[in-house]
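# A structural walkthrough
Listed below are the residues making up each chain.
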Amino acid sequence: MIRLDYLLNQGYNFFTGVPDSGLKSLLNDIYNSDCHHVEATNEGQAVGIAFGAELAGKKSCVYLQNSGLGNVINPLTSLCIPH
């Protein structure tokens, strides 16, 4: 499992995602730290929040369970397609 100290050492300073019991260890570390953290209601919203944080100068980490991976395809695709 990914540890918070590893992510912080990689420069991540903003965290968002949908809380899940499978991520309890990581989430407890995030909650007990002074990291910027925003809980999302779904994985697509987490991608949007992370994108906005990146625009504001943060290095964002989106955490999600493997069943949430399919929920980020459309949000990621819409960010990648030029208009």
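One structure accompanies this document, and this report is about it. Nothing here was measured: the structure is a model prediction, and the numbers come from that model. (Residues numbered from 1 in each chain as written. Predicted model: local features only at pLDDT ≥ 70, side-chain atom pairs only at ≥ 80, totals over all residues. Heavy atoms only, no water.)

### Concerning helix α3 (residues 43–55)
Relative to the 18 Å expected for 13 residues at 1.5 Å per residue, α3 spans 19 Å between its end C-alpha atoms, a close match to the ideal helical length. Residues Glu43, Gly44, Ala46, Val47, Ala50 and Ala53 constitute the buried set of α3. Residues of α3 that are buried sit in contact with β1 (14–17), β3 (60–63) and α4 (73–80). Its side-chain oxygen at 3.1 Å from the backbone nitrogen of Gly44, Asn42 defines the N-terminal cap of α3. Once α3 ends, the next one or two residues include Gly57, with phi positive near 100°. (Helix = DSSP H or I, 4+ residues; strand = E, 2+ residues; numbered from the N terminus. Expected span 1.5 Å × (residues − 1). Buried < 20%, exposed > 50% of the residue type's maximum accessible area, 1.4 Å probe, protein only. Contact = heavy atoms within 4.5 Å. Polar contact = N/O pair within 3.5 Å; in protein donor to acceptor, adjacent residues only side chain to side chain.)

### Re the sheet that holds β1
As summarised here, the arrangement of the three strands in space is β2-β1-β3, forming an open sheet in which the pairing is parallel. Every other strand in the sheet has two partners, leaving β2 (36–39) and β3 as the edge strands with one partner each. Between one strand axis and the next, the sheet turns through 20° on average, direction left out of account. Relative to β2, β1 runs parallel, the two sharing four bridges. Along β2, the bridge assignment pairs Phe14 with His36. Contacts from helix α2 (residues 24–31) reach β1, β2 and β3, with the element oriented near 125° to β2. Packed on one face of the sheet, α3 meets β1, β2 and β3 and runs near 165° to β1. (Pairing = 2+ DSSP bridges. Axes fitted to C-alpha atoms, helices over the stretch in contact; angles between N-to-C directions.)

### Quick word on the packing of α3 against α4
Remark: α3 packs on α4, axes separated minimally by 8 Å, with the N-to-C direction vectors making an angle of 35°. Note on element contacts: α4 touches α3 through Pro75, Leu76 and Leu79, opposite Gly44, Val47 and Phe51. Residue classes in the contact of α3 with α4 are distributed as five nonpolar, one polar and no charged. (Nonpolar A, V, L, I, M, F, W, Y, C, P; charged D, E, K, R; others polar.)

Nothing here speaks to function; it is geometry throughout.
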